[in-house]
Amino acid sequence: MSATFDRRMLEALICPVTHEGLRYDAERQELISQRAGVAFPIRDGIPVMLVDEARTLDD
């Protein structure tokens, strides 16, 4: 069973690095912090907001 991300949650989440808002990428199931240059994964509908789990954005 695949859980979906509740987009309303996006309003409450901030980047743990920059303390700014995030952009939701539905295709990759990630929350993007453009300023920090990282993407936080969403697993089973739950955002994983750990810097160690974040993917570095490609330039």
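A. Broad picture of the overall build of the protein. When you go through the protein residue by residue, the secondary structure sums to zero helices and five strands. Across the protein, helices and strands are ordered from the amino to the carboxyl terminus as β-β-β-β-β. Here the C-alpha radius of gyration of the protein, 11 Å, is about what a compact globule of 59 residues would show, namely 10 Å. Structurally, the protein occupies a C-alpha span of about 30 × 20 × 20 Å along its principal axes. Expressed as a percentage of its 59 residues, the buried residues of the protein come to 39%. Of the contacts formed within the protein by residues at least 6 apart in sequence, a portion of 24% connects residues at least 24 apart. Mean positive and mean negative side-chain charge positions of the protein (7 and 11 charges, respectively) differ by 3 Å.

B. Broad picture of the nonpolar core. Counting residues in hydrophobic clusters, the biggest one holds eleven residues: Phe5, Leu10, Leu13, Cys15, Leu22, Tyr24, Leu31, Val38, Phe40, Ile42 and Ala54. With three residues, the top contributor of residues to this core is strand E3 (residues 38-43). Filtering out sequence-adjacent residues up to four positions away, leucine 31 remains in contact with Phe5, Leu10, Leu13, Leu22, Arg23, Tyr24, Val38, Ala39, Phe40, Ile42, Pro47 and Met49.

C. Region of the structure containing the pattern of salt bridges. A complete count under the given rule lists four salt bridges for this structure. Note that glutamate 30 is salt-bridged to arginine 55, the shortest N-O span being 2.8 Å. Of this pair, glutamate 30 sits in strand E2 (residues 30-33) while arginine 55 sits in strand E5 (residues 55-56), and the two are 25 residues apart along the sequence. In this structure glutamate 30 comes out as buried when scored by relative accessible area, which is 8%. Of the residues examined, arginine 55 reaches a relative accessible area of 24% and is grouped as partly exposed. The shortest N-O distance in the salt bridge between glutamate 53 and arginine 43 comes to 2.9 Å.

Rules and cut-offs
- Residues numbered from 1 in each chain as written.
- Predicted model: local features only at pLDDT ≥ 70, side-chain atom pairs only at ≥ 80, totals over all residues.
- Heavy atoms only, no water.
- Helix = DSSP H or I, 4+ residues; strand = E, 2+ residues; numbered from the N terminus.
- Rg over C-alpha atoms; globule rule 2.2 N^0.38 Å.
- Buried < 20%, exposed > 50% of the residue type's maximum accessible area, 1.4 Å probe, protein only.
- Contact = heavy atoms within 4.5 Å.
- Lys, Arg positive; Asp, Glu negative; His and termini not counted.
- Charge placed at Lys NZ, Arg CZ, Asp CG, Glu CD.
- Core = buried A, V, L, I, M, F, W, Y, C linked by side-chain atoms within 4.5 Å.
- Salt bridge = Lys/Arg side-chain N within 4 Å of Asp/Glu carboxyl O.

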